[in-house]
Structure formats: structure tokens, C-alpha cells
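Close look at the chain arrangement
Next come the chains, spelled out residue by residue.
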Amino acid sequence: MTTAHAEASKDTFPHEPEKATLEGRNKVLAFWLFLGGEAVLFGTLFATFLALRNQTNEGPSANELFHLPLVAAATFILLVSSLTSVFAIQAMHRNRPALLRNWLLVTVGLGLGFLVLEIYEFTQYVRHEEFGMTTSAFSSAFYTLVGFHGAHVAFGIAWISILIGQLARKGLTVVTAPKVYVSAMYWHFIDVVWVFIFTVVYLLGKVG
Amino acid sequence: MDWLTTVDHKKIAILYLWAGGLFFGIGGIEALLIRWQLIKPMNNFLDAQTFNELITMHGTTMIFLGVMPVIFALMNAVIPLQIGARDVAFPFLNALGFWTFLFGGILLNLSWVMGGAPDAGWTAYTPLSTSTYSTTHGVDFYTIGLQIAGLGTLIGGINFLATIITMRAPGMTYMRMPMFAWTTFITSAIILFAFPAITVGLVLLTFDRILGANFFEVGAGGSPVLWQHIFWIFGHPEVYILILPAFGIISEVIPTFSRKRLFGYSSMVFATILIAFLGFMVWAHHMFTTGLGPVANALFSVSTMLIAVPTGIKIFNWLFTMWGGQVRFTTPNLFAVGFIPTFTMGGVTGVMLASAPADFQFHDTYFVVAHFHYVIVGGLVLGLFAGLHYWWPKMFGRMLSEKLGKWTFWTFIIGFHLTFFVQHFLGLMGMQRRVFTYLPNQQFDFLNLVSTIGAGLMGVGMIIFLVNILLTSRKPADASNDPWEDGRTLEWTIPSPPPEYNFKQTPLIRGIDAFWKEKVAGNKGMTPAEPVGSIHMPSATILPFTMSIGIFIAGLGFMFSRDEFGNAFMSFLFNNYIVTAIGLIITFGSMLMRSLYDDHGWHIEPEELEGSERT
């Protein structure tokens, strides 16, 4: 049980720095629990969407609305960002702070790219398809589910950006490592949610 | 100031207790006003709108702002002590959870003075709660206030889970944990999986009301039954969030005052887990009459009745614990013993309601009101009374007066049965709930009078309890480590109230009822598991408080974002989401501060530990 916050030197740097202290282990555990709660949150949103996905109220339907190439591009970008965040964690485990920072920057950049595509998609719908929050029960459910995910992405971008700043100030230590690790867990989680959104919202919208 | 910045779980417990007590008082006054309106037929003490607001706020306040914080108070006060920990896993989050709960509660209650309280019932059923039928800001206060308060509960739940998983003292395996720690653990797990559902429900309703979304607007394709599903998939587990901690308290109090170990400890543990699991499977029994069909009704009916099995196991285990024990009827034990038959009655009417065909008859009558008050008041509130009297000396170092405690018990429990027992019959005779008056000569008159008198008596019991607290606080804090003399668990091995660091040395656990085991072996205290050393403590911080204030301001800003104000400046602030933004900036700014400046905490050195020990 160590409560030391001393910076680990190069040769004593632990293999899994995120689990080197009780505080770090608590953080990782609690974050797993938190993600369990988040899963219920998105599960409820998905259930709502499935219940209301055909209630178009004479507004546009999913089939008329979605352009799969755009969504596929967004999906690709987001999935790659998950990979780059894995590279970041690997760099962290090998105690290479500069590499860690670079991979985190790439991850943030890809996240921003995804967000830009999503904002573009939404504005297209609102401007050209007259498909807004108030159009139908389907539109409300769509914007709420996809928008919640988008808000999670935006939060993740801000979070990881702050962590990059923190790493620059304090270096990679047993204090900062758990923070990086849980942010990567978070990032994977929102990627997984996106996979479900891609399937349930977009693919199902196109075929059914 | 000390109280605004504290991260000590024992102080946070006291904050929870006072804040929860305050809201409990408000909810109690609302209940008395309701009962006063129903004292005679065609009473015009309250009008229908006010009555709607009162029943809505009574239910909402009692469940979310009254009993849950008091449960959290006991958990915070006791759990780290029972598992031999120096603090919870995340002291900062613990404080944050309290402040978000408090500001959410304040926001909700501001509705009384800011243009109308919520009036759609505590379940906020759509379409009654949509802007078409509820035109004041009342339901906005409900959705946003509960959202903020719920955040605090979720944070607390995760914190207790992590604490119990990682911070148990050496030797304390899961199957050696005290029952209250077990029920806290399971309760926290239910919170974790139930609260996000209501989070989404409240968001959807907020969007419907403020952004004009159509989740529950039938005309635009929305579905009111969807609200019921989302509400009850949260709402039914919520019942177990409330009652399991009471089960835990009873399981601590009865063995202590029977001088016997809890009968069937492991069956108690598994019954708790089973109840939690089944609690998630039965939500639609609240919706038998919405037309889900006979198959769904039958399945939910059977799964609901199954819960009676583990609950029955618990009831019999408590009885067997007392059987042949040296039972002492102290105040906590009176409440615990009174709990058993009262809660059992609530359980029996639960089985009656679980029968779908019968439910068509009972639905929305006073029979349901009687049933859930037997569960919540006759179960949970009696349990909380037992727990408060039991742990009061540990929390404050002062014994509550036994004499006044017994007065509290007898007035409260007699008043309780007078109030709610007759409501079973009112319901069976067809008196509807949620209606602000009734016609004379339907045989409702006398029983309603009895019920109101009972409610008054419960009020008297509460006042005696408050007097007891007041008188006790004037006495010197001289409670010993183990004031009940038969303490079985770790909290009774350290001074009352405990020092800031709880345990000078982490104890070594050698069995269930760790302290009792040492007593039986002839030892005076616990064997330490570590040498005396310097103890790391987290630093106090104002950030949880400022974060919560930020969320509070953002909530108010969002709620009034579509209003027209007489004042151009106010319109500018609210209609452009500037107030919302200010609130969010305060919150996120505080989060940024937290992230940029590390909290290294401080240490208590061994020299300071000596001499502070008091027995």
C-alpha cells in the first residue's frame, strides 16, 4: 500500500504505472463501474430509439435521410482513433512520454474530425431536409441518442487535451498515468457505443 | 467554512443527516397538510392544484431528498469503520455527491416560491407532465432538480462500491463483512444500474418540455407508455435501494441486542443478492393496467411474487436470531423488532398487488398507498430510526435518551398503524388516491378521520425525537467506545466519535463479527495488522461545493431559457443561455482546477497519534 507521490525514475518505472498505487487502482476500478452505469444510460437511449424509430410523423424517414458514405467515413475515423489511443497506452507502459503525447494528439485530432463530420451531418439534416428536434418522435430520438454520443466525444476531446497539458507540466508519473489510462478506457467505450449506433441507427435505418 | 470544504466521511455523514432531516421535515409537513385536507369529506382547506403539488412534492421529497440522504448519512458514518478503512476510496467525490444532492434538493424546493411546484404526481406520468397539461415550471424543477440530485446519488454509489471492494482491512473477506456493509454494497450496485435509466428519462422529459421534442407527444408519434417503462425500470429497483439498507441495519441491531450472531449469515447475503437481481425483473408490475397483455402481466406477476422467497428467508433469520438470545429491548432494538411484523404486512399486500387480476381492482386506490407506506415507512423509516438510535453515540459521542426514545417509538408506531392500516380498507372500498376530496356518506368519513389522527400522532413522535436530539446535544460527549456493551463489529473498537483517521492501526480481522470474536477470546481490542506509522489524509477543498453551485446555476438558466421577462436585461441573460453558460463555466472551471492542481494531501505523524486516544 503506497501513498507516495514521488516521481518514478527511469529504471524503477512500473510496468503498469496506472495500477502502481492504491489510488490508481481505485480509479481504474471505479471507472469500470462508471462505464457499467454509462452502458445502462446508452441502453436506455437505444431502447427509446428502437421504440420510436418508425414514428416519423410525416417527416423524413431514416431511409430517406441517411447517407452511408459520410457515416462510414466517420465510423472509420473514430475506430482508428481507438487504435491510436491503444498506441498511446503502449507508449505509456514503455515509459516514453513524448510518444505518448504524440499518439494522444493524433487521437484528439481524429476525434475532432469525427465531430466535424457529425456537426456537418446534423446541419445538413436541419437545413435541407427540414429534420429538426421537433419534427417527429423519430427525430427527437435520433438527435438525442446520436447527440449524446457526440457530446461524449466532445467531452473526451476536452478531457484528453487537458491531460496532454498536464503531462507536459508534470510528466508521466504514477499520479498522471491512471488519468491517461481511464481516459483511454472512456475513449474505447464511446467507440463501442458508436459501433452500436452505426448498426442500430444507420444500417437498420437503411434496410428496415 | 470547515463544513463547506470537508472531505471527511464522518463529517459528510453529519451533513447528509442534517440536510436529509431538513427535507424529511418538509416532506412530513406536506404529508400532514394532505391528511388535514382529507380529514373530512368535501373539505376546502386546500384547492385541487395545491393538493396536486403537495402530493407530488411529498412523494418526491421523501424518497429522493428525505430517506435516501439519511441512508447515505448512515452509510458514510459507518461503512468505512465497519470494514476497517481510514476513509472512502474517493473522499473528494464523496463531498461532491453530497453537494450535488443538496443543490438539486434546493432547486426542487425553490419551485414553491418560483411559480408553482411540480403537480403531475411523484411518478411524473406523461402526458400529465408534458407542457400541454402542466403549464407552470413545476415539472421543470422536478426534472432538473432530480437530475442534479441523482448525480450525487450515482457518485455516492460508485464510491461505496470501490471502497468496499478495495479498502477492506486485512482478513476481512467478503463472507466476513458485516451485513450492513453487504447491503450497502448491493444497494450501491443497484444505484449504479438503475439511476442512469432515470437520468435518461428525465433528460427526455426535459427535452420534451424545453426543446419541444416529441418523446411523449402522442400526436407527433411519441409514446406515454415509454415514460412508464423508463420510470419503473428505475423506480422498482429504487424500492430495493431504499429497503436493503434497512435490512442491513436490522441485521446489525438484532444480533447486538440478542447477544447472538446473526442466524443464517450466508443465506442473508445470498437473499440480498437475489432480491437485488429480481428487483430489476419486475418493473412492469406497476403497469398491469396499461394494456401490456396477459403474457407480460403473467410473467411480471410471477417474477414479483418470487421476491417473497428471499425476503421470507430474511424475516425468519431475524426471528431465529432472537430465538433463545438474551434480548434487550433498547430503543434501537424496539424499532428493529417493530420493523419485522410491520414490514411483513407490507410484503404480504405486495404479493396481493402482484396478482395481476387483483391489481386491476386495487390499482390507484388507497390500498396501494397503504401498501407502499407499510414498506417505506413501516420498513425503511423504522429501520432508519433503529440505525440512528444505534449509531448516534458513535457519530456524536452522546447517547440519546432511552426514555424519550421509547416514547418516540410508541407514538410513532401506533400513529403509523392508525394512519395506514385503515387505508387498506379505504382502498378496498374504492377510495381513489391522488384525488383532493371525496363525497360524504360513502363510508370513507370515519376511517379518514382515524387516518388523519394517526398522522398527527406520527408527527408527535417525530417531535419527541427532535427534542431528544436537542436535549442530548446539551449533554457532555462521554460515550465510551462500545456504549451498548455488546458491539460486535469494528466501529465499536474505536473512540466515539472516531478520530479523523478512524484507526490508529488497521485491525486484523479473524472472523465474522470481528470485535465479538476478540471479546469471546478474552482480548480487549483488535490485533493490529500494521505498526503505528504516519497516516495519509486527503486535503479539504471547496471545489465540490463550487462545482455543485455551477450545476445549480446552469439548471436554473436552462429552465428559464424560453421565458419572457419584463426586464430586457434578464431576457438577454436567460434567452441566450448566458446564465446556463456561466453555470457550466463555474463547474468545468472547477473541474479544470481539480485536474491541474494535484491534491497531495497531508500526513498525521505517529507522535500526534499518541495521547489523542481516548477510551
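Residues numbered from 1 in each chain as written. Chains lettered and ligands numbered in written order. Predicted model: local features only at pLDDT ≥ 70, side-chain atom pairs only at ≥ 80, totals over all residues. Heavy atoms only, no water.

Let's shift gears to unusual backbone geometry. A cis amide bond, omega 0°, links Thr126 of chain B with the succeeding residue Pro127 of chain B. The omega torsion of the bond from Ser496 of chain B to Pro497 of chain B falls at -10°, within 30 degrees of zero and hence cis. You can see Pro497 of chain B is positioned in the loop between helix 15 (445-474) and helix 16 (514-520). Phi is positive for Asn95 of chain A, which is not a glycine, with a value near 55°. Owing to a relative accessible area of 14%, Asn95 of chain A belongs among the buried residues under this scheme. (Helix = DSSP H or I, 4+ residues; strand = E, 2+ residues; numbered from the N terminus. Buried < 20%, exposed > 50% of the residue type's maximum accessible area, 1.4 Å probe, protein only.)

On to a nonpolar patch on the surface, then. All names here are of chain B. A cluster of nonpolar side chains, Trp410, Ile414, Leu418, Phe446, Leu449 and Ile453, forms an exposed patch at the surface whose accessible area comes to about 590 Å². Of all the secondary structure elements, the ones that give two or more residues to the nonpolar patch are helix 14 (402-428) and helix 15. Its location among the elements puts Ile453 in helix 15. (Patch = residues over 30% accessible without salt bridge, like charges linked within 9 Å, V, L, I, M, F, W, Y side chains within 5 Å. Areas by Shrake-Rupley, 256 points an atom, 1.4 Å probe, with all protein chains shown as cover. Salt bridge = Lys/Arg side-chain N within 4 Å of Asp/Glu carboxyl O.)

With respect to the helices and strands, the residue Ala137 of chain A is situated in helix 5 (residues 137-170). Residue Ala137 of chain A is classed as buried on the basis of its relative accessible area, which comes to 0%. Along the backbone, Ala137 of chain A and Val108 of chain A are 29 residues apart, and their C-alpha atoms lie at a distance of 33 Å. Not counting chain neighbours up to four residues away, the residues in contact with Ala137 of chain A comprise Leu52 and Gln55 of chain A together with Asn214, Ala220, Gly221 and Gly222 of chain B. (Contact = heavy atoms within 4.5 Å.)

A common way to state how big an interface is: give the accessible area lost once the parts meet. Across the contact, 39 residues belong to chain B and 36 residues belong to chain A. For the pair chain B and chain A, the summed buried surface comes to about 3000 Å²; carbon and sulfur atoms form 72% of the total. Linking chain B to chain A there are zero salt bridges. Taken together, the elements giving at least two residues each to the side of chain B that touches chain A come down to helix 5 (138-166), helix 6 (179-211), helix 7 (224-258) and helix 19 (578-596) of chain B. (Buried area = accessible area lost by both parts, 1.4 Å probe.)

Turning to helix 3 (residues 68-93) of chain A, a few remarks are in order. Residues and elements named next belong to chain A. In this model, helix 3 (26 residues) spans 38 Å end to end at C-alpha, consistent with the 38 Å of a helix rising 1.5 Å per residue. Those residues of helix 3 that are buried are in contact with helix 4 (97-128), helix 5 and helix 6 (176-207). Looking one or two places after helix 3, you find Asn95, whose phi comes out positive at around 55°. (Expected span 1.5 Å × (residues − 1).)

Another aspect to go through is the UniProt feature "transmembrane region" (unreviewed entry) in chain A. Residues and elements named next belong to chain A. Here, UniProt's "transmembrane region" (unreviewed entry) annotation points to residues 29-50, 70-91, 103-120, 140-164 and 185-205. For residues 29-50, the helix share is 100%, the strand share is 0%, and the end-to-end C-alpha distance is 31 Å. In residues 103-120, helix accounts for 100% and strand for 0%; the two terminal C-alpha atoms are 26 Å from one another. (UniProt positions renumbered as here; feature names shortened; annotations may be inferred.)

Its 15 residues give helix 10 (residues 308-322) of chain B an end-to-end C-alpha distance of 21 Å, which sits within 8% of 21 Å, the value for a rise of 1.5 Å per residue. Positive phi shows up at Gly324 of chain B, right after helix 10 of chain B, with a value of about 75°.

The full count for this structure, using the stated rule, is 83 aromatic pairs over all chains. Measuring from ring centre to ring centre gives 6.5 Å for Tyr390 of chain B and Trp484 of chain B, while their planes differ by 20°; the resulting arrangement is stacked. In this pair, Tyr390 of chain B is assigned in helix 13 (residues 366-396) and Trp484 of chain B in the loop between helix 15 and helix 16, connecting sequence segments 94 residues apart. Since its relative accessible area comes to 6%, Trp484 of chain B is described here as buried. An aromatic cluster is present here, built from Phe49, Phe66, Phe114, Phe122, Tyr125, Phe131, Phe138, Phe142, Tyr143, Trp194 and Tyr202 of chain A joined pairwise through their rings. Of note, Lys11 of chain B hangs over the ring of Trp3 of chain B, and the distance from its end group to the ring centre comes to 5.1 Å. Its end group placed over the ring of Trp516 of chain B, Arg488 of chain B keeps NZ or CZ at 4.5 Å from the ring centre. (Phe/Tyr/Trp six-rings, centres within 6.5 Å; stacked < 30°, edge-to-face > 60°. Lys NZ or Arg CZ within 6 Å of the ring centre and 35° of its normal.)

The nonpolar side chains of a soluble globular protein tend to be buried, and buried together. In terms of nonpolar packing, the biggest core is built from 232 residues, with Phe142 and Tyr202 of chain A together with Trp318 of chain B touching the most fellow members. When residues of this core are assigned to their parent elements, the largest contribution, 20 residues, is made by helix 6 of chain B. Apart from residues no more than four positions distant in its own chain, Phe142 of chain A is found in contact with Phe49, Phe66, Glu121, Phe122, Tyr125, Phe131, Gly147, Val201 and Tyr202 of chain A. Counting 15 residues, the second largest nonpolar core, distinct from the first, contains Leu46, Leu54, Val422 and Tyr438 of chain B. (Core = buried A, V, L, I, M, F, W, Y, C linked by side-chain atoms within 4.5 Å.)

Residue and element names in this part refer to chain B. Residue placement: Thr256 occurs in helix 7. For Thr256, a relative accessible area of 1% gives the class buried. Within the structure, Thr256 has its side chain in polar contact with the side chain of Tyr390 (distance 2.8 Å). Apart from the residues within four sequence positions on either side, Thr256 is in contact with Tyr390, Asp486, Gly487 and Arg488. (Polar contact = N/O pair within 3.5 Å; in protein donor to acceptor, adjacent residues only side chain to side chain.)

Of all residues in chain A, 94% attain a pLDDT of 70 or more, and the chain-wide mean is 91. Across residues 1-9 of chain A the pLDDT falls below 50, and counting only partners more than four positions away or on other chains, this stretch makes 17 contacts in the model. (pLDDT = per-residue confidence, 0-100.)

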